[in-house]
Amino acid sequence: MSSQEEILNDVRFSCITRDPRFWEMPEKERKIKIDKRFRAMFHDKKFKLKYTVDKRGRPVNYASTENLRKFYALSESDSDLSEEDSKEHTEKKKKKKKAKPKGEADS
């Protein structure tokens, strides 16, 4: 840390601390806000890619949905709706699993 302090105290680099181009982006502004029309991308299978190997060939257990949550956020007015929708989505999946198998016929 002392070397970083020396750099900031150096006359040649003193403008860096005052220049907004070099400021860190606030946490609130890092994620792109997504409205309710596109909220399906967080749970739709079309947007999910499963990676088994990283770009250097090392084995990983990784899915692209983690990146979606990292870079995108639902707009604040829609975030309450999304929680309800995700609960409904999981309930629908459970109901589908409990449905009758295709082989059975009603008489």
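Residues numbered from 1 in each chain as written. Predicted model: local features only at pLDDT ≥ 70, side-chain atom pairs only at ≥ 80, totals over all residues. Heavy atoms only, no water.

**Focus: the overall build of the protein**
Thought 1: Looking only at helices and strands, the protein features four helices and four strands.
Thought 2: The N-to-C order of helical and strand elements in the protein reads α-α-β-β-β-α-β-α.
Thought 3: In the protein, the share of contacts with a sequence separation of at least 24, taken over all contacts with a separation of at least 6, comes to 49%.
Thought 4: For the protein, the computed accessible surface area is about 10,300 Å², with 54% contributed by carbon and sulfur atoms. (Helix = DSSP H or I, 4+ residues; strand = E, 2+ residues; numbered from the N terminus. Contact = heavy atoms within 4.5 Å. Areas by Shrake-Rupley, 256 points an atom, 1.4 Å probe, with all protein chains shown as cover.)

**As for the pattern of salt bridges**
Thought 1: In total, this model carries five salt bridges according to the counting rule given.
Thought 2: Ionic pairing is found between aspartate 10 and arginine 12, a salt bridge with its closest N-O pair at 2.7 Å. (Salt bridge = Lys/Arg side-chain N within 4 Å of Asp/Glu carboxyl O.)

**Some words on a nonpolar patch on the surface**
Thought 1: Together, Ile7, Phe13, Ile16 and Phe22 give the surface a local cluster of nonpolar side chains, amounting to about 350 Å² of exposed area.
Thought 2: Relative to the assigned elements, isoleucine 7 resides in helix 1 (residues 2–9).
Thought 3: Among the residues examined, isoleucine 7 registers a relative accessible area of 46% and is labelled partly exposed. (Patch = residues over 30% accessible without salt bridge, like charges linked within 9 Å, V, L, I, M, F, W, Y side chains within 5 Å. Buried < 20%, exposed > 50% of the residue type's maximum accessible area, 1.4 Å probe, protein only.)

**Remarks on the confidence of the model for the protein**
Thought 1: Model confidence for the protein is summarised by a mean pLDDT of 75, while 69% of its residues fall at 70 or above.
Thought 2: Predicted confidence in the protein is weakest over helix 4 (residues 76–98), with a mean pLDDT of 57, and strongest over strand 1 (residues 32–34), with 88. (pLDDT = per-residue confidence, 0-100.)

**Quick notes on the pairing of strand 2 (residues 50–53)**
Thought 1: By the bridge criterion, three bridges tie strand 2 to strand 3 (residues 59–63) in an arrangement that is antiparallel. Residue pairing across strands places lysine 50 opposite alanine 63, the latter belonging to strand 3.
Thought 2: Taking the residues between adjacent antiparallel strands as the criterion, strand 2 and strand 3 are bridged by five residues, where glycine 57 takes a positive phi near 90°. (Pairing = 2+ DSSP bridges.)

**Let's talk about the side chain of serine 75**
Thought 1: Structurally, the position occupied by serine 75 is in the loop between strand 4 (72–74) and helix 4.
Thought 2: We classify serine 75 as buried; its relative accessible area is 16%.
Thought 3: Discounting residues that sit within four places of it in the chain, serine 75 has contacts with Lys33, Ile34 and Asp35.

**Focus: the side chain of threonine 65**
Thought 1: Mapping threonine 65 onto the fold places it in helix 3 (residues 65–71).
Thought 2: If we ignore the near neighbours within four places in the chain, the residues touching threonine 65 are Phe42 and Lys48.

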